[in-house]
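Remarks on the overall topology
Single-letter residue listing:
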Amino acid sequence: MRFTLSTLLILFATAATAGDASKAPPAAGAAAKAAGAAATETSALPDNPAKKSCANADALGVARTVEIDTTGGPGFGLDHYKAYDFLQEKEVVLTFDDGPQVNTTRAILDALDEQCTKAIFFSLGKMAIGLPEIIRDVAHRGHTVGTHTWSHADMRKKSDQDAKDEIEKGISGVRRAVGGPISPFFRFPYLRDSQATLAHLASRNIAVFSTDVDSFDFKRQTPEQLVQAIMKRLDKKGKGILLMHDIQPHTAKAMPSLLAALKAGGYKIVQMKAKDDLKTLAEYDAMIEKDVKGLPAVGAERPMSSVIKTVPTGQ
């Protein structure tokens, strides 16, 4: 470990399998305010069904949930940011970039559901606005939603202002598409940061993610080859944040086999959540209006059950 308990940014919460850790209630005065805000924030989301126990008795599940205090923009993933080596041996964080995408994202979600496990999805603003029903499904199924810029631009090839615009438009786009809270988690396209963008993210209290194990799933390969390559790299490292892409068809096809291989190899999944939600900046909310194509603002929609209801045929 490279830090002391007094400076720990990671607040550990217990997670037995796929269930979320319970949280202590806020002070009475704050509770009513928080409840009202939550009702507004999630009014655009599908109605959340009662949580079900995992139907797969041999599921990979979630072994541990960690809550991240993102104050000051801490970095995770030892390939680039080496301060917080918090994973224990055989622990893995599943992450997916560049989505959402038709077919592939939902196939990955289904595979994760089958194993009652969770991941982080770093979504592009443009993609989220184009396919809001899919990114809402990601959030609805209990995964962590972070951001990955607006259009996958290389931050090192942008001016400081243009890079900031890419980051903030991405945040506004993803939050608008989700229709509710998102996490202050960010990953740079191509894993290419800059001093100016790191400083901006730190000022916004947004955690930055690199990787420990890169799947290189953007390369042409079969699902079987992909699983073998990931497991070989993971076995060499022994643990880590795993980078994949939910836009890749062979990644979606490989997911059931990969999760089974992780289970067979004794690996355990850690879900990362944020202590606080990420707020957008009003100027960037306005900037993306031309791109949202009629998608209502957060809080402007009625709950789905109050608009659409299945009734007996012939009624």
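In this text, all values refer to a predicted model and were calculated from it rather than measured experimentally.

As a further point, take helix α8 (residues 249–264). With 16 residues, α8 should reach 22 Å at 1.5 Å per residue; the first-to-last C-alpha distance of 24 Å fits that figure. At Met 255, α8 shows its maximal kink, close to 50 degrees; a proline, Pro 256, follows between one and four residues later. Considered for burial, the residues of α8 that qualify are His 250, Thr 251, Ala 252, Ala 254, Met 255, Leu 258, Leu 259 and Leu 262. The secondary structure elements touched by the buried residues of α8 are β4 (91–97), α2 (104–114), α7 (223–237), β10 (240–245) and β11 (268–274). Backbone geometry just after α8 places Gly 266 at a positive phi near 80 degrees.

Moving on: the pattern of salt bridges. Counted under the stated rule, the structure contains 14 salt bridges. Between Lys 239 and Asp 85 there is a salt bridge, and its shortest N-O distance comes to 2.9 Å. On the criterion of sequence distance, the pair formed by Lys 239 in the loop between α7 and β10 and Asp 85 in the loop between β3 (75–76) and β4 is long-range, its members being 154 residues apart. When the shortest N-O distance is used, the salt bridge between Arg 156 and Asp 193 registers 3.5 Å.

In this model, Gly 99 is joined to Pro 100 through a cis peptide bond whose omega is 5 degrees. As for its placement among the helices and strands, Pro 100 is situated in the loop between β4 and α2. For Asp 98, which is not a glycine, the phi torsion comes out positive at approximately 85 degrees. Among the secondary structure elements, Asp 98 is positioned in the loop between β4 and α2.

Cut-offs and rules
Residues numbered from 1 in each chain as written. Predicted model: local features only at pLDDT ≥ 70, side-chain atom pairs only at ≥ 80, totals over all residues. Heavy atoms only, no water. Helix = DSSP H or I, 4+ residues; strand = E, 2+ residues; numbered from the N terminus. Expected span 1.5 Å × (residues − 1). Bend = angle between axes of the 7 residues up to and from the residue. Buried < 20%, exposed > 50% of the residue type's maximum accessible area, 1.4 Å probe, protein only. Contact = heavy atoms within 4.5 Å. Salt bridge = Lys/Arg side-chain N within 4 Å of Asp/Glu carboxyl O.

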